[in-house]
Protein chains: 2
Amino acid sequence: MSSEKDNWFIEHFDSAGTAFGLRLKRKLESVQTDYQHIEMWDTDTFGYLMTIDGATMLTTRDNFLYHEMMAHPALFSHAAPRNVLIIGGGDCGTLREVLRHGEVASAVQIDIDEQVTRFSEKYFPELCESNSDERAELRFEDGVKFMQECEAGRFDVIIVDSTDPVGPAEGLFKAEFFRHCHRALADGGVLVQQSESPLLHSDTIIRDLHANMREAGFSHTRTLPFPQPVYPSGWWSCTLAGKDHDVAGFRQADATGKGFETRYYSADIHKAALVLPPFMEQALS
Amino acid sequence: MSSEKDNWFIEHFDSAGTAFGLRLKRKLESVQTDYQHIEMWDTDTFGYLMTIDGATMLTTRDNFLYHEMMAHPALFSHAAPRNVLIIGGGDCGTLREVLRHGEVASAVQIDIDEQVTRFSEKYFPELCESNSDERAELRFEDGVKFMQECEAGRFDVIIVDSTDPVGPAEGLFKAEFFRHCHRALADGGVLVQQSESPLLHSDTIIRDLHANMREAGFSHTRTLPFPQPVYPSGWWSCTLAGKDHDVAGFRQADATGKGFETRYYSADIHKAALVLPPFMEQALS
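Residues numbered from 1 in each chain as written. Chains lettered and ligands numbered in written order. Predicted model: local features only at pLDDT ≥ 70, side-chain atom pairs only at ≥ 80, totals over all residues. Heavy atoms only, no water.

## As for the overall build of chain A
Line of reasoning, step 1. Secondary structure assignment for chain A yields nine helices and 13 strands.
Line of reasoning, step 2. Viewed in the frame of its principal axes, chain A has a C-alpha envelope of about 55 × 45 × 35 Å.
Line of reasoning, step 3. The buried share among the 285 residues of chain A stands at 61%.
Line of reasoning, step 4. Partitioning the contacts of chain A with sequence separation of at least 6, the portion at a separation of at least 24 is 64%. (Helix = DSSP H or I, 4+ residues; strand = E, 2+ residues; numbered from the N terminus. Buried < 20%, exposed > 50% of the residue type's maximum accessible area, 1.4 Å probe, protein only. Contact = heavy atoms within 4.5 Å.)

Dropping the structure here:
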């Protein structure tokens, strides 16, 4: 549920019992696509805001936190990531981060709704600057169906850049989906899924996610928390799963000398994000 | 500015252009003290909520993040903290964490408004469980005046557990106040101040805070970020200042074997919190 009143966009996270809001300059555009209702807003202090069905997706100011943490920990946890798949991620911000890695030969992005990408090209052009990279392939189709039919061992890293596990994205958190991911990954493969709030979801969604990934055959799983102001509680996480190796290890020297700029991610932040507070360790043990 | 509508308490952080809210069961109590307007609420998912002049102070569910990070990094950064001063902190949550340290011989808490402590005793009794500890002294008076008159070298650790640096607490972020703290600290002393949001304030309040602490004579300063859902952006920080030593070091073995339970803090979380993301390092360099 969201409301627009007195120049504030307020999203009420009903299941969390919390709300987050941004002061608006104005509403820019809105469209009902075949799949969802996309709205674009100009905010006072966070730049542009994209909402889908009333839920905050991203803003200009703070999306770097999410996109850097969805891409770099997973890629540096793989020994030599050449072929990368992104499920969801239609704003193309994760794709941009993935293509900063010189060893990536191909990155396929599969979002069901082309309009998300068209809006992003217009309002977040900085996130789309790698869309014409010859290594990038943008497909607009059903990611779950793609995974079901995907040939075995095709990808080194799969990034599930999805919305919350309610409604359309629910299936992306289930063991059945992860089994398809496991099969589609080559040996040494790494899967990463955005995994909600450490404060709100450690003993529910995050715990279940680990169980489902293990059930699907992944040998190791790790949750990395990071700040994300516009999502419920302002504290978010990604969960990595290694097909056959411990994702607590990563190419630290490569991450340190990565040769491209980041604003949140660094080798040291990666190490720090692998440290969980006691209450999370307990919830996930 | 805050509003109460349709069973939601929404605080609009006007300078940040963001808002945070909690769904309410009901309003419990409210009082106009000599200093401020205190209100208590029962929320749906965060337990009790205390607001002062419409601003969120703390909730049952997430105050452990703030209180543990205001107390333990500072105390473990001191070689042997015996005498501790808390300026503000009337809810007594920081005091409780301080008194978990067996080597602390005395902890003085100075909050101008006794009613904050009375409300906390009623609604957050778990935070007040050490108020009758014989090492604790609760004083209700002006912390700035106390610091001006404080004898030199009296304290080992000073914790400034204040509200935002606008209005009454503005002086608690200035070099003049920090000079009094510097004088009141014995050799090896450590000061810690809550220091707002890494995302919103790195190149303003946090940067100025470091400058003011250094100007006051502190040799080393470090900011440690941590999550705090109910404050603007959900990402918060404390800034440590060493009178004459680098507060990047701490008693790691003691922190590891601390012998009391914490939910967020650990020796590894302490180390992790000392790692700043590149954008903060740049803002503070």
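## Regarding the UniProt feature "binding site: S-methyl-5'-thioadenosine" (unreviewed entry) in chain A
All names here are of chain A.
Line of reasoning, step 1. Following the UniProt record, the feature "binding site: S-methyl-5'-thioadenosine" (unreviewed entry) maps to Q36, D111, D142, G143 and P168 here.
Line of reasoning, step 2. Along the chain, the position of D142 falls in the loop between β9 (136-139) and α4 (143-149).
Line of reasoning, step 3. With a relative accessible area of 34%, D142 lands in the partly exposed category.
Line of reasoning, step 4. Those residues within four positions of D142 in sequence are excluded, and the remaining contacts are I110 and I112.
Line of reasoning, step 5. A polar contact is formed between the side chain of D142 and the backbone nitrogen of V144, at a distance of 2.9 Å.
Line of reasoning, step 6. Along the chain, G143 turns up in helix α4.
Line of reasoning, step 7. Residue G143 is classed as buried on the basis of its relative accessible area, which comes to 8%.
Line of reasoning, step 8. Those residues within four positions of G143 in sequence are excluded, and the remaining contacts are I87 and I110. (UniProt positions renumbered as here; feature names shortened; annotations may be inferred. Polar contact = N/O pair within 3.5 Å; in protein donor to acceptor, adjacent residues only side chain to side chain.)

## Quick word on the relation of the copies chain B and chain A
Line of reasoning, step 1. Overlaying chain B with chain A gives an RMSD of 0.0 Å, the required rotation being 180 degrees about an axis along which the chain moves by 0.0 Å. Put plainly, the chains are arranged around a two-fold axis. (Least-squares fit on C-alpha atoms with pLDDT ≥ 70 in both.)

## Some thoughts on the domain arrangement of chain A
Residues and elements named next belong to chain A.
Line of reasoning, step 1. Parsing chain A into structural domains produces domain 1 (2-59) and domain 2 (63-284).
Line of reasoning, step 2. On the side of domain 2, 19 residues touch domain 1, which itself brings 21 residues to the contact.
Line of reasoning, step 3. Across the domain 1/domain 2 interface, buried area totals approximately 1800 Å², and carbon plus sulfur atoms make up 74% of it.
Line of reasoning, step 4. Among the residues of domain 1 in contact with domain 2, E29, Y35 and L58 are the three that bury the most area, contributing 26% of the side total.
Line of reasoning, step 5. In this structure, E29 and K122 form a salt bridge, with 2.8 Å as the shortest nitrogen-oxygen distance.
Line of reasoning, step 6. Secondary structure elements with two or more residues in the side of domain 1 that touches domain 2: β3 (18-32), β4 (37-43), β5 (48-52) and β6 (55-59). (Domains from an automatic or database assignment. Buried area = accessible area lost by both parts, 1.4 Å probe. Salt bridge = Lys/Arg side-chain N within 4 Å of Asp/Glu carboxyl O.)

## Description of the interface of chain B and chain A
Line of reasoning, step 1. Residue-level contacts link 41 residues of chain B with 41 residues of chain A.
Line of reasoning, step 2. Interface area for chain B against chain A, summed over the two sides, is near 3100 Å², with a carbon-plus-sulfur share of 68%.
Line of reasoning, step 3. Seen at the junction of chain B and chain A, the total is two salt bridges.
Line of reasoning, step 4. At the boundary of chain B with chain A, the tally comes to ten residue pairs in polar contact (both at pLDDT 80 or more).
Line of reasoning, step 5. For the side of chain B that touches chain A, the secondary structure elements donating two or more residues are β2 (8-13), β3 (18-32), α1 (63-76), α6 (198-215), α8 (267-273) and α9 (278-284) of chain B.
Line of reasoning, step 6. Each residue belonging to the side of chain B that touches chain A can be placed in one class, and the counts come to 25 nonpolar, nine polar and seven charged.
Line of reasoning, step 7. Here five bridges tie β3(A) to β3(B), and the two strands are oriented antiparallel to one another. The residue of β3(B) that forms the bridge with A19(A) is G21(B). (Nonpolar A, V, L, I, M, F, W, Y, C, P; charged D, E, K, R; others polar. Pairing = 2+ DSSP bridges.)

## What to know about the state of the cysteines
Residues and elements named next belong to chain B.
Line of reasoning, step 1. For the coordinates displayed, the defined rule picks out zero disulfides over all chains.
Line of reasoning, step 2. Cysteine C92 is unpaired, with the sulfur of C128 as its nearest cysteine sulfur at 4.2 Å.
Line of reasoning, step 3. A relative accessible area of 0% means that C92 is categorised as buried.
Line of reasoning, step 4. With no disulfide partner, C181 has as its closest neighbouring cysteine sulfur the one in C150, 8.8 Å distant. (Disulfide = S-S within 2.5 Å.)

## Comments concerning the environment of H78(B)
Residue and element names in this part refer to chain B.
Line of reasoning, step 1. Along the polypeptide, H78 turns up in the loop between α1 and β7 (83-88).
Line of reasoning, step 2. Here the alpha-carbon distance between H78 and R251, two residues 173 residues apart in the chain, equals 7.7 Å.
Line of reasoning, step 3. Here H78 is in contact with D156, V157, D187, G188, G189, V190 and R251, once residues within four sequence places are set aside.
Line of reasoning, step 4. One polar contact links the side chain of H78 to the main-chain carbonyl oxygen of G188, over a distance of 3.3 Å.

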